[in-house]
Each structure stands twice: as structure tokens, then as C-alpha cells.
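Each chain, letter by letter, is given below.
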Amino acid sequence: MKIMAVCGSGLGSSFMLEMNVQQILSELGVNGIEVEHSDLSSVTPDQADLFIAAKDIAEGMGHLPEVVVIDSIIDMDGLRSKLREVLEQKGLL
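Since the structure is predicted, the reported quantities are computational estimates derived from the model, not experimental observations. (Residues numbered from 1 in each chain as written. Predicted model: local features only at pLDDT ≥ 70, side-chain atom pairs only at ≥ 80, totals over all residues. Heavy atoms only, no water.)

Caption draft 1: Up close: the overall build of the chain. Regarding its fold elements, the chain presents two helices and four strands. Going from N to C terminus, the chain has its helices and strands arranged as β-α-β-β-β-α. Compactness check: the chain gives a C-alpha radius of gyration of 12 Å against a globular reference of 12 Å for 93 residues, within 12% of the reference. Taken along its principal axes, the extent of the C-alpha atoms in the chain is 30 × 25 × 20 Å. Looking at the chain residue by residue over its 93 residues, the buried ones come to 41%. Sequence-distant contacts in the chain: of pairs separated by 6 or more residues, those separated by 24 or more amount to 59%. Accessible surface for the chain amounts to roughly 4,900 Å². Of this, 47% is attributable to carbon and sulfur atoms. (Helix = DSSP H or I, 4+ residues; strand = E, 2+ residues; numbered from the N terminus. Rg over C-alpha atoms; globule rule 2.2 N^0.38 Å. Buried < 20%, exposed > 50% of the residue type's maximum accessible area, 1.4 Å probe, protein only. Contact = heavy atoms within 4.5 Å. Areas by Shrake-Rupley, 256 points an atom, 1.4 Å probe, with all protein chains shown as cover.)

Below you can see the structure in the form of C-alpha cells.
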């Protein structure tokens, strides 16, 4: 499985989101998931199985297959909760 952290224009916030996702996966003991980051204008549906982004850019992500929208990229509890839910649905946790 591959997760893509997405931000609006630059790559700084998506890189921070990528690191947060990796940290949470490690805390949950989940292995074998690749995590990368991209900006919204560059991301394509074939780049990942799951896309994560903050709600401020969610409207522009309709072309992506499975999107997890979070309130804030720095809210670790919110990200952990949503990520856990998706991983449980996919039988990875």
C-alpha cells in the first residue's frame, strides 16, 4: 500500500504530513506501507492507494480515488484517528 500526503502548492507542509503519517504508522506497528508527499497540482490518481490532505484543499482532490481529509496537518490525534480507521477498514490493523 502507498499513501500520498498532499498539500496545496509547496512541498513543506506535505513533507511534514508525510513525516507525521510515518510516525503514526510506526507507533501503530504497521509495516510495509510506503509514504510520499506531493503538491496538489502534481498528484495523479495512479501515484498512491490513499491520499491525505487538510480540508483547505479537499475540494481540489475530486480526481483522486480515496482521500482522507484531516482538519489540520499538525493535529496528530485527528490524523491518528482517521488513519487508524482506514487501516482497520483495509484489514491492515
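Caption draft 2: Structural detail: the pattern of salt bridges. Considering all chains together, one arrives at six salt bridges under this definition. With its nearest N and O atoms 3.9 Å apart, the salt bridge here joins Lys55 to Asp71. Taken together, the residues span a long stretch of sequence, with Lys55 in the loop between strand S3 (50-54) and strand S4 (67-70) and Asp71 in the loop between S4 and helix H2 (76-89) at a distance of 16 residues. Where Asp77 meets Arg80, a salt bridge forms, and the shortest distance between an N and an O atom there is 2.9 Å. Highlighted residues: Asp77 and Arg80, both in helix H2, separated by three residues, approximately one helical turn. (Salt bridge = Lys/Arg side-chain N within 4 Å of Asp/Glu carboxyl O.)

Caption draft 3: Seen up close, the packing of helix H1 (residues 12-28) against H2. Between H1 and H2, the least distance of the axes is 10 Å, while the angle of their chain directions is 60°. Taken together, the axes of H1 and H2 lie oblique to each other. Of the two elements, H1 crosses H2, and the hand of that crossing is right-handed. Where H1 abuts H2, its residues Leu17, Asn20, Val21, Gln23, Ile24, Leu25, Glu27 and Leu28 lie against Met76, Leu79, Arg80, Leu83, Arg84 and Leu87. Among the residues forming the contact of H1 with H2, the class breakdown is nine nonpolar, two polar and three charged. (Axes fitted to C-alpha atoms, helices over the stretch in contact; angles between N-to-C directions. Parallel < 35°, antiparallel > 145°, perpendicular 65-115°, else oblique. Left-handed = near helix turned anticlockwise from the far one by under 90°. Nonpolar A, V, L, I, M, F, W, Y, C, P; charged D, E, K, R; others polar.)

Caption draft 4: Fine view of the sheet that holds strand S2 (residues 34-39). Pairing within the open sheet is parallel, and its four strands lie in the order S2-S1-S3-S4. Looking along the sheet, the strands with just one partner apiece sit at the ends: S2 and S4. On average, each strand axis in the sheet is inclined to that of its neighbour by 25°, with strand direction left out of account. Pairing geometry for S3 and S4, over four bridges, is parallel. Following the sheet pairing, Ala54 is matched in S4 by Ile70. (Pairing = 2+ DSSP bridges.)

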